[in-house]
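# Summary of the model geometry
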Amino acid sequence: MLFSRSSSNLIEIPQAARLLGISQHALERWIRQGGVPCRQGYGRTLFDKGELRAWATSKNLAWLEGENKTASKSVDLIQALFAGGVYSGIPGCSNVEVLEQAVQVISLPDDVDNELLIRKLQERESLASTGLGQGIAVPHPRHPLKESIQVPMVATCFLNEPVDFGAIDQEPVFVLFLMLAPSTQQHLKLLAQLSFCLREKQFLAFLHEIPDLESLCNRVQAIQDQIGRR
Amino acid sequence: MGNWVKEFISRWNPVNWFDEHTFLIVLGIPVGICGGLASVALNHSIHFFAHLFSAITNPWVLIFFPAIGALLSIFFMTAVFRETRIHAVPVVIYSVSRQGGLLHLRSAISHLIGCLCTIAFGGSAGPEAPVVVSGSSIGSNIARLFCLNERQRVAMVGCGIAAAISAIFNAPLAGIIFSIEVVLGEWASVNLLPIAVSSVVATQISRIWYGNQIPFEHWSYQIDTLDIVASVGLAFLVSVVAFVFVRVMSFIEKKAAVLFSNLYIRGVAGGLCVGMLGFFFPDILGEGYETIRKIIENQYQQPLVLMMLLIGLKILATSLTLGTGSAGGVFAPSLVLGCFSGLLYWQMLMALWPDAGWVNGGCFALLGMAGTISAVLHAPLTGIFLIVEITGGYEAILPLICVAVLATSISRKLIKASIYYRELLERGQLLRPRTDARILADISVRDILVESHQHIAPDMRLREFVDLIKINDQDYYPVIDPKSGKYHGLVFVAHARPYLLSPELYDAVLVEEIIEGVDYAISPHDSLLHVMDLFEKTDTEIVPVLDHKKTFLGTVSKSDILNQYRKELIVQTTF
């Protein structure tokens, strides 16, 4: 009667603490003091999520459901690379063509309108080149695709032959890192992490070997680990 | 309590059958019954012993009686029941504010027996405070039996207190108000209803035993405007008396503790002094209700000078009794002092302006009682309702309100804390509900500790640090020796900006050269009051938390405290 297992609405202390945005330690004290509605028995404490939300709302307390704080804070390049995938042999002889081909090849979420994305990428490209130099370009739309992209993704596309992107150093581009992020902050973080990797000469040489997804991710991990260790 | 009982209750806890409010109201009934019985039992025992000892008429024997009482009282309290703190009501107030109303079961009888020894042998003390402890301990333990949470347990303690006061005075309203005004400190409906129920039940228990009689019968009064105006002067007099009472009590308590380190010798010395005072002035002995009765019924006449002396001696006798370790309360002595002061004031009025048509001395005694209780406890409502109920003197309500309210305000100017709060205030344990101190005391460092940090090593070069902050978005980094685990300090990205923008320094600077937070840290057990103090002094936003071995545990930030403080305030102040 008290804890009917069928109800998926019952949550435990760690989850309730996360939703209320307080530490477990503080929530346990609230339970002890009787400040928060909960169900106790059999040596454990459970919360009815709906009841807890109503209580939090009635008291003007924060309710952090849906706002995944940690996701927006830490954006991981490796995860984004995994989400995007690695593609090689993209045909085309101008930046407009390769962008079109790349979007057709890579697997995008169902919600994404391919035509629209191509238009947006080309629009951004016409404003200023996304070529970073040394044969690298990071095409992306001007504004994040909030509705259709939930998880940040970076699709790595190796071109059939180098194409002129109008980069600063005039060097033709051989690889595109197509970046799609739900928010501007996430986009900037991905860009920062990528450009950090690209500073290494060995990493550039490694890219010329056209690695597969796994070895690419391993290499990025190795570069990031170096800093963590020091 | 056997384990199977606990098991049974946790499985079939009726808390889960009712909604919270209903259950607390229902639980107010047994608490009321037990509290009422405790007070009836104490009252009965005091009368029984008083009757027994009334056969002894030799005054030389009586001199030693208070000392014997003190000896017995201290023996029972310390040796038998192992109570560490003697003052009854402060124990309950502390428990309510800091331990969620947790009280020992033994406190339900220890204070009763201790107080019985004191009063039956003539010590100048009141039986109310011990009954209050007994009632609150009953409430607390009934709450524990049903595994109630702290807020509910505090409500049950409140029920016990109200039951005790209601039953001993046959005064249900005074019980409710004393419980909320003096002990709980917050008027919330979740507390009020069960307390009211408990108070009604306890009063009825006492009425079944003694019949519905008003403790002090009075004559009817004709109160004039002049009497109301004159009551202002009485408020000043009782405030001064209350002030002297609190001061003498605290002085004797401290002096006695210095003079006699042995508890028993201290008690006997105090008892002997009381005995000698009682040898000459027997009116100051015991709880003094007989004296009050005589004064209210206008059957007590003493010269003006003697009245002043009696006030001084009653203060002395009570301080010598309670200040030397005997169990008992200040409630009844305060009433006696109020009676004396009221009568004294009336005598002075009669001497100054005999034909002004003053109301009788009994009425002024009654006003004096309300004033003294209000001034000593800083609780005007308790004073007003108690006197109205125990004397049935509703005609005197107007001057009563004037005296009680005025005496409280004057007394608040004279003494910082009431007699119950003084001890707690001195120990820094006075934490009234809904105050800043209470909220900060509730939040612990562990509640707001941020643990997950990327650490850096002290010999990291600035270049590597710049690389790190490119991919990591912490605002600050703890510097910890990777080998020894020793904490060095914190590096704030914002403060390192001048170095970060100077690439020529990248290889010349080590992070240990730009650390901060070296000379200040807190431990996980520090109080938030101390932490806030540190924030003020160091003018920083973040302090490191180190354990006793100086290992880094995490950090605490000002903004997290503010966040938690607001949540805490909301949860504690809304029901």
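All chains use their own residue numbering, which begins from 1 and follows the written sequence. For naming, the first written chain is A and the first written ligand is 1, with later ones following in the order written. The predicted nature of this model means local features are confined to residues of pLDDT at least 70 and side-chain atom pairs, given and counted, to a pLDDT of 80 or more, with totals for whole chains, interfaces and linings taken over all residues.

## Regarding the overall build of chain A
Stated precisely, the cut-off is as follows: By the criteria applied, helices consist of DSSP H or I runs no shorter than four residues and strands consist of E runs no shorter than two, each listed in order from the N terminus. Radius of gyration: over C-alpha atoms. The globule rule applied is 2.2 Å multiplied by the number of residues raised to the 0.38 power. Residues are called buried when their C-beta atom has 20 or more other C-beta atoms within 10 Å, exposed when it has 12 or fewer, and partly exposed otherwise; all C-beta atoms are positioned from the backbone. Any pair of residues counts as being in contact when their C-beta atoms, constructed from backbone geometry, are within 7 Å of one another.
Check the secondary structure of chain A and you find 10 helices and 8 strands. Here the C-alpha atoms of chain A give a radius of gyration of 23 Å, more than 25% beyond the 17 Å that 2.2 N^0.38 yields for 230 residues. Counting across all 230 residues of chain A, residues that qualify as buried make up 30%. Counting contacts in chain A only where the partners sit at least 6 residues apart, residues at least 24 apart contribute 63% of the total.

## Focus on the nonpolar core
Stated formally: A set of buried residues drawn from Ala, Val, Leu, Ile, Met, Phe, Trp, Tyr and Cys, joined through C-beta atoms within 7 Å, is what defines a nonpolar core.
Ranked by size, the top nonpolar core spans 147 residues in total, and within it Val92(B), Val132(B), Ile165(B), Ala370(B) and Val403(B) carry the most contacts. Excluding residues within four positions of it along the chain, Ala370(B) makes contact with Gly383(B), Ile384(B), Ile387(B), Leu400(B), Val403(B) and Ala404(B). Among the nonpolar cores identified, the runner-up in size contains 37 residues, and Leu77(A), Ala137(A), Leu176(A) and Phe177(A) belong to it.

## Quick word on unusual backbone geometry
The bulk of non-glycine residues show a negative phi, and the bulk of peptide bonds are trans. Residue and element names in this part refer to chain B. Phi is positive for Cys 147, close to 50°, though the residue is something other than glycine. Within the secondary structure, Cys 147 is located in the loop between α7 (128-145) and α8 (150-169). Judged by local crowding, Cys 147 falls into the partly exposed class, with 15 C-beta atoms found within 10 Å. One non-glycine residue, Asp 539, adopts positive backbone phi at about 55°. Among the structural elements, Asp 539 can be located in the loop between α23 (528-538) and β3 (542-546).

## Describing the packing of helix α5 (residues 88-98) of chain B against helix α19 (residues 419-426) of chain B
Residues and elements named next belong to chain B. How we decide: Simply put, an axis is a line fit to the C-alpha atoms, just over the touching stretch for a helix, and the angle between two N-to-C directions goes from 0 to 180 degrees. Here roughly perpendicular refers to angles of 65 to 115 degrees, roughly parallel to angles under 35, roughly antiparallel to angles over 145, and oblique to all remaining angles. By definition, turning the near helix anticlockwise from the far helix through less than a right angle yields a left-handed crossing, and turning it clockwise yields a right-handed one. By the convention adopted, Pro, Cys, Tyr, Trp, Phe, Met, Ile, Leu, Val and Ala count as nonpolar, Lys, Arg, Asp and Glu as charged, and the other residues, Gly among them, as polar.
For the pair α5 and α19, interaxial distance at closest approach is 8 Å and the crossing angle is 60°. In terms of orientation, α5 lies oblique with respect to α19. For α5 against α19, the interelement crossing comes out right-handed. Across from Val 89, Pro 90, Ile 93 and Tyr 94 in α5, the residues of α19 making contact are Tyr 420, Glu 423 and Leu 424. Its residues assigned to classes, the contact of α5 with α19 comprises 6 nonpolar, no polar and 1 charged.

## Topic: the sheet that holds strand β7 (residues 153-163) of chain A
Residues and elements named next belong to chain A. For clarity, the threshold we go by: For two strands to pair, DSSP has to find at least two bridges joining them.
Strand order in the open sheet made by the 5 strands is β4-β7-β8-β6-β5, with mixed pairing throughout. Every interior strand has two partners, whereas the edge strands, β4 (86-90) and β5 (131-133), have only one. Across the sheet, helix α8 (residues 184-198) lies against β5, β6 (136-137), β7 and β8 (173-180), angled at about 150° from β8, the strand it touches most.

## Things to note about the confidence of the model for chain A
All names here are of chain A. Filter applied, for reference: The pLDDT value tells you how sure the predictor is about a given residue, anywhere from 0 up to 100.
Of the residues in chain A, 90% have a pLDDT of 70 or more, and the chain-wide mean is 83. A low-confidence stretch, residues 1-6 stays under pLDDT 50, and its non-local contacts, those more than four residues away or across chains, total 6 contacts. Contacts for the low-pLDDT stretch residues 69-73, under 50 throughout, to residues beyond four places or in other chains number 5 contacts.

## What about the pairing of strand β1 (residues 476-480) of chain B?
All names here are of chain B. Taking burial as the measure, the 5 residues of β1 include 4 buried ones, the bulk of the element. Here β1 runs beside strand β2 (residues 487-492); their pairing, made up of 5 bridges, is antiparallel. Bridged to Tyr 476 within β2 is Phe 492. As consecutive antiparallel partners, β1 and β2 are separated by 6 residues, and within that stretch Gly 485 has a phi angle of approximately 75°, a positive value.

## Details of the sheet that holds strand β1 (residues 10-11) of chain A
Two orientations exist for strands paired in a sheet by backbone hydrogen bonds: parallel and antiparallel. Residues and elements named next belong to chain A. Read across the open sheet, the 3 strands follow the order β1-β3-β2; overall the sheet is antiparallel. Strands at the two margins of the open sheet, each flanked by one partner only, are β1 and β2 (39-41). Sheet topology note: the β1/strand β3 (residues 44-48) ladder contains 2 bridges and is antiparallel. Looking across to β3, one finds that Leu 10 is bridged to Asp 48.

## Here's the deal with the confidence of the model for chain B
When pLDDT is averaged along chain B, the result is 88; 97% of the residues meet or exceed 70. Two numbers describe this predicted complex: its pTM, 0.78, and its ipTM, 0.80.

## Examining the interface of chain B and chain A
Each side of the interface is counted separately: chain B has 25 residues, and chain A has 21 residues. Breaking the side of chain B that touches chain A down by element, the ones donating at least two residues are α8, α21 (462-471) and α24 (558-573) of chain B.

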